[in-house]
Amino acid sequence: MSTDQSTAPSSLTVTSRAVPEGSVIAAQQLVEDLGGENLSPDLAWSGAPEGTKSFAVTCYDPDAPTGSGFWHWIAWDIPADVTSLPLGVPRDADTLKQTANDYGSTGYDGPNPPEGPAHRYVFTVHALPVESLGVEAGTPHVQVRFAIHTQQLASGSVTGTYQAGS
């Protein structure tokens, strides 16, 4: 069976000073219940393919004991000329759209895993061929993620870990 490489999404390079690849998530990014500041990490990316007209960012914990993981952040309609986000993107930022995460609040909310093995937190940047996904802020994240994943031209991730009690 052959794979048509022309339709496979290419890869972006994603970096973060706050969450270097493979690092333990710092207190700045943790929820306040854990003594954290609940700040989204800075993210920078490069390598967007031709035709990129906007970006989206997600943060996902695939290790959450829910059967389907846990979504910590979904942001989109980031203009194509933007190649980074600063530390602590406000919940009401007017330069992008955000929706409720699995905590039920709009914007970023950091790790707060149950006791047990370390969890992975995957921060992904998605390059999109549209200036707008055509979904409004506050749209349920499953619909936003569907729009992102069915249209993405490229994506790249940086992953940090956190273990309760560490």
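Note that the structure is a prediction, hence the values are computed from the model and not measured. (Residues numbered from 1 in each chain as written. Predicted model: local features only at pLDDT ≥ 70, side-chain atom pairs only at ≥ 80, totals over all residues. Heavy atoms only, no water.)

Caption draft 1: View of the overall build of the chain. From N to C terminus, the chain includes one helix and nine strands. Each helix and strand of the chain, placed in order from N terminus to C terminus, yields the pattern β-β-β-β-β-β-β-β-α-β. Compactness check: the chain gives a C-alpha radius of gyration of 15 Å against a globular reference of 15 Å for 166 residues, within 12% of the reference. Principal-axis analysis of the C-alpha atoms gives the chain an extent of 45 × 40 × 30 Å. (Helix = DSSP H or I, 4+ residues; strand = E, 2+ residues; numbered from the N terminus. Rg over C-alpha atoms; globule rule 2.2 N^0.38 Å.)

Caption draft 2: Broad picture of the pairing of strand E3 (residues 43-46). Across the two faces of E3 the burial differs, with Leu-43 and Trp-45 buried and Ala-44 and Ser-46 not buried at all. Note that strand E2 (residues 13-15) and E3 share three bridges and pair antiparallel. Looking at the pairing, Val-14 lines up with Trp-45 of E3. (Buried < 20%, exposed > 50% of the residue type's maximum accessible area, 1.4 Å probe, protein only. Pairing = 2+ DSSP bridges.)

Caption draft 3: A look at the pairing of strand E4 (residues 54-61). Counting buried positions along E4 gives seven out of eight residues, so the element sits mostly inside the fold. Examined bridge by bridge, E4 and strand E5 (residues 70-79) share seven bridges and lie antiparallel to one another. The residue of E5 that forms the bridge with Tyr-60 is Trp-71.

Caption draft 4: Summary view of unusual backbone geometry. At Asn-38, a position not held by glycine, the phi torsion is positive, near 55°. Assignment of secondary structure puts Asn-38 in the loop between E2 and E3. Judged by its relative accessible area of 13%, Asn-38 is buried. Located in the positive-phi region is Asp-77, a residue other than glycine, with phi close to 60°. As for its placement among the helices and strands, Asp-77 is situated in strand E5. Residue Asp-77 is classed as buried on the basis of its relative accessible area, which comes to 13%.

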